[in-house]
Amino acid sequence: MQRDMKNNEIMDDDSEEIIYFFDSESSNSGSEESSRRNYTGESSDQNHGDKTFSHAHSDESSHHHDGDISHHHHHTGNSHSHSGSGHHSHNDSGHHSGSHRRSHKEKNRIGDFFRKFVKKILVRPSRKVRYTTIAISVCLVVAFIGLILFAYVRSEQRSAYLEEVEASRAAAEAESGEQAAAEAAERLTGISDLSVYEKLAAGYDVNILIVGDSIGAASGASDAAHRWTVLFESYLEETYGSNVTLTNISMGGNASFAGYVRTMILDDGVDYDLAVICYGHNDSTVDFSLYYETIITAIHSKYENCSIISILESAQKGYTDKMETIEEICVHYSIPVADTIAPFLEYYNFYTDDGVHPNDDGQVIYAETVEKVVDKQVAANTGLSDYDITPVNADVAMFSNCEYTGADEFTRVDETTYTISISAAGIFGIDYSYQSGENSAEIYVDGELIAAPTVTFDYDFSQRHILIVSEECTVEDEITVVFDSEAQADGFYGICFCFD
């Protein structure tokens, strides 16, 4: 942009437009002179430098040339020769009008400047501006891409860091788990040498097995919560803080032989710490000592470090021969006895409703009696018992093994008959349910009838029983069992052979 100082002009480098700069004083004087000349009917043309100003009137015209600014002042002087009041009033009006026009022209100059700027930059930018805009845009794009790359790299770094932390944590947990497992194994190695009483004293977990008849099964309780076995389990957990797992394999109406078989065929993978034996009321006095002792030897053969408690059943209402036999065997094996007979003697009818099974109050007596035995042994810090001694009954050796064959291994020939091809020898037992009323079965070995047990069951429910059908039996080829009815045949569980 260039300025012609003589003509008061500004020339734009890239356009042909001209911005005029007017001298404010000259502009005002010219305006006043023009006004006066128009008023008096005069007109003049002035050649002022290279630019010509023209003044015209409808009646007259005149041409006046002036080469300098002094001529302009001469006219002004002439105009001042008018009357004072009129001159003063006219001069005041021209002054205010010129100020307004000057302010307006200044605003126009600012507006023209911004319009030119906008046109130059946005509408018709120069090559330099275009290059500068492109450069700025490229820089912004590069900066944006750089931010994206930076964020991506930071994200990858964080992911790698988190993976490293997770791997470290997993490794630490694995190491901690291995250490805990090693400590647990070491602790268990020590625990295996502890008796149930020592484990309870230390608060360790214990497994308890109940082997008995209907009293052992807690028959007579109004509901499960009142069973002496449940009360006993809860007491141990609350008193010693141990986790107690109790398994009850008792069967009502059975004798000690059933307890022996049930113990021998139990296969639940649990290593029991304590076994509570509750038999005697349903047993015959014949060979009672032998069959009762087989339960003890069966427990010892399966669970080497299992302690035993024997219950003297209240249903005997006194210390009968069978109860004395139990006490003798327990003394021989150093087994503590839980005597429920004594607390029942004076208030027997109060503790039982049917004359045999303890009611809810009687269940409490059973639980408390066994609990006292345990507490005493814990207080005495009783260790493991040694049951590997000479048995009371030599014939116990004939019960060293027990092989059980379930009904599902038999072929059911018809509604009442089962048969199986088998070779076996030993004490032969059968496992089946008594139905209400008369029950009978015929057992054939190699086609020959060897037993026909008949039982009258005077109850309105069925009950499972395991009993001996032959104390010495040899089977070469086949066993056939024929029941009296289909219902009895449906209650068949299997057979067993006991041998040394």
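Computed from a predicted structure; not experimentally measured. (Residues numbered from 1 in each chain as written. Predicted model: local features only at pLDDT ≥ 70, side-chain atom pairs only at ≥ 80, totals over all residues. Heavy atoms only, no water.)

1. Side note on the overall build of the protein
Next up, step 1: Scanning the protein from terminus to terminus reveals 13 helices and 20 strands.
Next up, step 2: Taking all 500 residues of the protein together, the buried fraction comes to 37%.
Next up, step 3: At a minimum sequence separation of 6, the contacts of the protein that also span at least 24 residues come to 72%.
Next up, step 4: By element, 51% of the accessible surface of the protein is carried by carbon and sulfur atoms, the whole surface being about 28,400 Å². (Helix = DSSP H or I, 4+ residues; strand = E, 2+ residues; numbered from the N terminus. Buried < 20%, exposed > 50% of the residue type's maximum accessible area, 1.4 Å probe, protein only. Contact = heavy atoms within 4.5 Å. Areas by Shrake-Rupley, 256 points an atom, 1.4 Å probe, with all protein chains shown as cover.)

2. Some remarks on the sheet that holds strand β14 (residues 424–434)
Next up, step 1: If you walk across this open sheet you meet the four strands as β11-β20-β14-β18, and the pairing is antiparallel. The sheet terminates laterally at β11 (401–406) and β18 (463–475), the two strands that pair on one side only. Across the sheet, the axes of successive neighbouring strands diverge by a mean angle of 25°, strand direction being ignored. (Pairing = 2+ DSSP bridges. Axes fitted to C-alpha atoms, helices over the stretch in contact; angles between N-to-C directions.)

3. A few points about the sheet that holds strand β7 (residues 244–248)
Next up, step 1: The parallel open sheet is built from five strands, whose spatial order is β7-β6-β8-β9-β10. Looking at strand neighbours, the two that pair on one side only are β7 and β10 (337–339), the edges of this open sheet. Direction aside, neighbouring strands of the sheet carry axes that sit 20° apart on average.

4. Considering the confidence of the model for the protein
Next up, step 1: This prediction gives the protein a mean pLDDT of 82; 74% of its residues lie at or above 70.
Next up, step 2: In the model, residues 1–93 has pLDDT below 50 throughout and makes 100 contacts with residues more than four positions away in sequence or in other chains. (pLDDT = per-residue confidence, 0-100.)

5. A short note on the packing of aromatic side chains
Aromatic rings in a pair are described by how distant their centres are and how their planes are angled relative to each other.
Next up, step 1: For the structure on display, the rule yields 24 aromatic pairs.
Next up, step 2: Between F257 and Y291 the ring centres are 6.2 Å apart and the planes differ by 70°, which places this aromatic pair in the edge-to-face class. Residue F257 is found in helix α7 (residues 256–265), and its partner Y291 is found in helix α8 (residues 288–302); the two are separated by 34 residues along the sequence.
Next up, step 3: By relative accessible area, which is 5% here, F257 ends up buried.
Next up, step 4: Through successive ring pairs, a cluster of aromatic residues spans F410, Y418, Y432, Y434, F457, Y459, F461, F483 and F492.
Next up, step 5: Lying across the ring of Y493, R464 places its NZ or CZ 3.9 Å from the centre. (Phe/Tyr/Trp six-rings, centres within 6.5 Å; stacked < 30°, edge-to-face > 60°. Lys NZ or Arg CZ within 6 Å of the ring centre and 35° of its normal.)

6. Quick look at a negative patch on the surface
Next up, step 1: A cluster of acidic residues, D321, E324, E327 and E328, forms a negative patch on the protein surface.
Next up, step 2: Within the secondary structure, E324 sits in helix α9 (residues 321–333).
Next up, step 3: According to the relative accessible area criterion, E324 is partly exposed, its value standing at 37%. (Patch = residues over 30% accessible without salt bridge, like charges linked within 9 Å, V, L, I, M, F, W, Y side chains within 5 Å. Salt bridge = Lys/Arg side-chain N within 4 Å of Asp/Glu carboxyl O. Lys, Arg positive; Asp, Glu negative; His and termini not counted. Charge placed at Lys NZ, Arg CZ, Asp CG, Glu CD.)

7. Comments concerning the nonpolar core
Next up, step 1: Residues F257 and Y260 are the most contacted members of the largest nonpolar core, which totals 41 residues.
Next up, step 2: Counting only elements with at least two residues in this core, the list comes to β6 (206–212), α7, β8 (274–278), α8, β9 (307–312), α9 and β20 (492–499).
Next up, step 3: Sorting elements by how many residues they give to this core places α8 first, with eight residues.
Next up, step 4: Not counting residues up to four positions away in its chain, the partners in contact with Y260 are T294, I295, A298, F399, S400, N401, C402 and C498. (Core = buried A, V, L, I, M, F, W, Y, C linked by side-chain atoms within 4.5 Å.)

8. Quick notes on the side chain of D273
Next up, step 1: By secondary structure assignment, the location of D273 is in the loop between α7 and β8.
Next up, step 2: Since its relative accessible area comes to 6%, D273 is described here as buried.
Next up, step 3: A distance of 2.6 Å separates the side chain of D273 from the side chain of K199, its partner in a polar contact.
Next up, step 4: Only 2.8 Å separates the side chain of D273 from the backbone nitrogen of N207, close enough to count as a polar contact. (Polar contact = N/O pair within 3.5 Å; in protein donor to acceptor, adjacent residues only side chain to side chain.)

9. Topic: a nonpolar patch on the surface
Next up, step 1: A cluster of nonpolar side chains, V141, F144, I145, I148 and L149, forms an exposed patch at the surface whose accessible area comes to about 480 Å².
Next up, step 2: Mapping F144 onto the fold places it in helix α4 (residues 127–191).
Next up, step 3: Residue class for F144 comes out exposed when judged on its relative accessible area of 52%.

10. Considering the pattern of salt bridges
Next up, step 1: Applying the stated rule across the entire model yields three salt bridges.
Next up, step 2: The shortest N-O distance in the salt bridge between R412 and D490 comes to 2.9 Å. One end of the pair, R412, is in strand β12 (residues 411–412); the other, D490, is in helix α13 (residues 486–490), and 78 residues separate them in sequence.
Next up, step 3: What makes R412 partly exposed here is its relative accessible area of 34%.
Next up, step 4: The partly exposed category is assigned to D490, whose relative accessible area is 49%.
Next up, step 5: Notably, a salt bridge pairs R464 with D431, separated by 2.5 Å at the nearest N-O pair. Separated by 33 residues along the polypeptide, R464 in strand β18 and D431 in strand β14 bring together distant segments of the chain.
Next up, step 6: Assessed through its relative accessible area of 21%, R464 is described here as partly exposed.
Next up, step 7: Judged by relative accessible area, which is 0%, D431 ranks as buried.

11. Side note on unusual backbone geometry
Next up, step 1: Backbone geometry places S334, a non-glycine residue, at a positive phi of 55°.
Next up, step 2: Tracing the chain through its elements places S334 in the loop between α9 and β10.
Next up, step 3: The residue N381 is not glycine, and still its phi comes out positive at about 55°.
Next up, step 4: Structurally, N381 is set in the loop between α12 (360–379) and β11.

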